[in-house]
Amino acid sequence: MIRGRFTLVVALPKGRNFADGYNALAGAGLALPTLENERALLHGQEGGVAILELRNHDVPTYVDLGIADVGVVGNDVLLESGRDVYEPVDLGTGACRLSLIRHPQATGPIRRIATKYPRFTAQVLRERGLAADIIELAGNVELAALTGLADAVVDVVQTGATLRAAGLVELEVLAHSTARFIVNRQSLKLKRDLLRPLIERLRANAHTLP
Ligand code: PRP
Ligand code: MG
């Protein structure tokens, strides 16, 4: 159990957005632990701040259920999660988009869509009055369009390098996303003296982004 052992528990997404989240919090003056062991999943000393290194789709879950007090995650993932967390700061980093992607030779109707974002995709289909089967995958979703598992995919495009490498086409941008600082609603009350000034500094720093 982690409760009570740390002054603050921070959930960060492992991978390419970890460093942006870490730097935003450190830049706002939060005394984060140093990352000594790169295989560690939990960083930090008792009585200080702890960092949980999570898959990005798990960050809202840990924050909503109060295991982590705060976290950093893209609003694409937040939207998908349907979790109820306080979302006080748009950090502006990790800009990416959720797009509809196809194989250039696929021209027929879109009957099956593969994605890591099934709730988001279902919502888009509902809003447009369209029907398609949604196939939930766990990663490397572009392969579904490449292999014919699905007629199209909905996935994240950041630099576009993955699409170019796979020779796929971005048909339409469905949503834009940036990294958000999120807070457990109860922690916001219980750790107000720590979190209010942190939120103010994160907001001030986010406004000075290039
Ligand atoms: C993500 C996303 C795209 C890619 C987009 O995959 O699913 O495939 O990054 O980035 P790009 O436009 O800069 O190429 P990632 O490898 O992070 O993980 P995944 O296994 O969940 O697909
Ligand atoms: Mg990928």
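Caption draft 1: Molecular detail of the overall build of the protein chain. The secondary structure content of the protein chain amounts to eight helices and eleven strands. Scaling as 2.2 N^0.38, a compact globule of 210 residues should have a C-alpha radius of gyration of about 17 Å, and the protein chain matches this with 19 Å. Projecting the C-alpha coordinates of the protein chain onto the three principal axes gives extents of approximately 60 × 35 × 35 Å. Burial analysis of the protein chain (210 residues in total) assigns 42% to the buried set. At a minimum sequence separation of 6, the contacts of the protein chain that also span at least 24 residues come to 67%. Split by element, the accessible area of the protein chain, about 11,200 Å² in all, is 50% carbon and sulfur.

Caption draft 2: Just the packing of aromatic side chains, in detail. The final tally for this structure, using the stated rule, is one aromatic pair. Ring centres of Phe18 and Tyr22 lie 6.3 Å apart, and the angle between their planes is 25 degrees; this geometry places the pair in the stacked category. Of this pair, Phe18 and Tyr22 both sit in helix α1 (residues 18–27), four residues apart, roughly one helical turn. With respect to burial, Phe18 and Tyr22 carry one shared label: buried.

Caption draft 3: Expanded view of the pattern of salt bridges. The full count for this structure, using the stated rule, is ten salt bridges. Asp69 is the salt-bridge partner of Lys191, the closest N and O atoms lying 3.0 Å from each other. Placement of Lys191 in the loop between α7 (185–190) and α8 (192–207) and of Asp69 in the loop between α2 (59–64) and β4 (70–74) is noted, with a sequence separation of 122 residues between them. Among the ionic pairs, Arg180 bridges to Asp90, the shortest N-O distance being 3.6 Å. With Arg180 in strand β11 (residues 179–183) and Asp90 in strand β5 (residues 86–90), this pair connects stretches of sequence that are 90 residues apart. On the basis of relative accessible area, Arg180 is assigned to the buried category, the value being 15%. The class for Asp90 is partly exposed, based on a relative accessible area of 38%. Via salt bridges that share partners, Glu87, Asp90 and Arg180 belong to a single interconnected network.

Caption draft 4: Region of the structure containing the nonpolar core. In terms of nonpolar packing, the biggest core is built from 25 residues, with Val9, Val59, Val63, Phe120 and Ile182 touching the most fellow members. Contributions of two or more residues to this core are made by β1 (8–13), β3 (49–54), α2, α3 (75–81), β6 (96–102), α4 (118–128) and β9 (152–157). Aside from chain neighbours lying at most four places away, what touches Val9 is Ile2, Ala50, Leu52, Ile67, Ala68, Asp69 and Val70. Among the nonpolar cores identified, the runner-up in size contains 24 residues, and Ala28, Leu30, Val89 and Leu188 belong to it.

Caption draft 5: Geometry of the side chain of Thr115. The residue Thr115 is located in strand β7 (residues 112–115) in this model. You can call Thr115 buried: its relative accessible area is 0%. Here Val154 takes part through its backbone oxygen, which lies 2.7 Å from a polar atom of the side chain of Thr115. Setting aside chain neighbours within four positions, we find Thr115 in contact with Thr121, Ile134, Ile135, Glu136, Leu137, Val141 and Val154.

Caption draft 6: Seen up close, α4. Here α4 has its buried residues at Pro118, Phe120, Thr121, Val124 and Leu125. Along the axis of α4, the buried residues cluster in a sector spanning 165 degrees; they form a single face. Facing away from the buried side of α4 by over 90 degrees, the exposed positions are Arg119, Arg126 and Glu127.

Parameters and conventions
Residues numbered from 1 in each chain as written. Chains lettered and ligands numbered in written order. Predicted model: local features only at pLDDT ≥ 70, side-chain atom pairs only at ≥ 80, totals over all residues. Heavy atoms only, no water. Helix = DSSP H or I, 4+ residues; strand = E, 2+ residues; numbered from the N terminus. Rg over C-alpha atoms; globule rule 2.2 N^0.38 Å. Buried < 20%, exposed > 50% of the residue type's maximum accessible area, 1.4 Å probe, protein only. Contact = heavy atoms within 4.5 Å. Areas by Shrake-Rupley, 256 points an atom, 1.4 Å probe, with all protein chains shown as cover. Phe/Tyr/Trp six-rings, centres within 6.5 Å; stacked < 30°, edge-to-face > 60°. Salt bridge = Lys/Arg side-chain N within 4 Å of Asp/Glu carboxyl O. Core = buried A, V, L, I, M, F, W, Y, C linked by side-chain atoms within 4.5 Å. Polar contact = N/O pair within 3.5 Å; in protein donor to acceptor, adjacent residues only side chain to side chain. Arc of directions from axis to C-beta.

Everything listed here is a matter of coordinates, which is why it stays silent on function.
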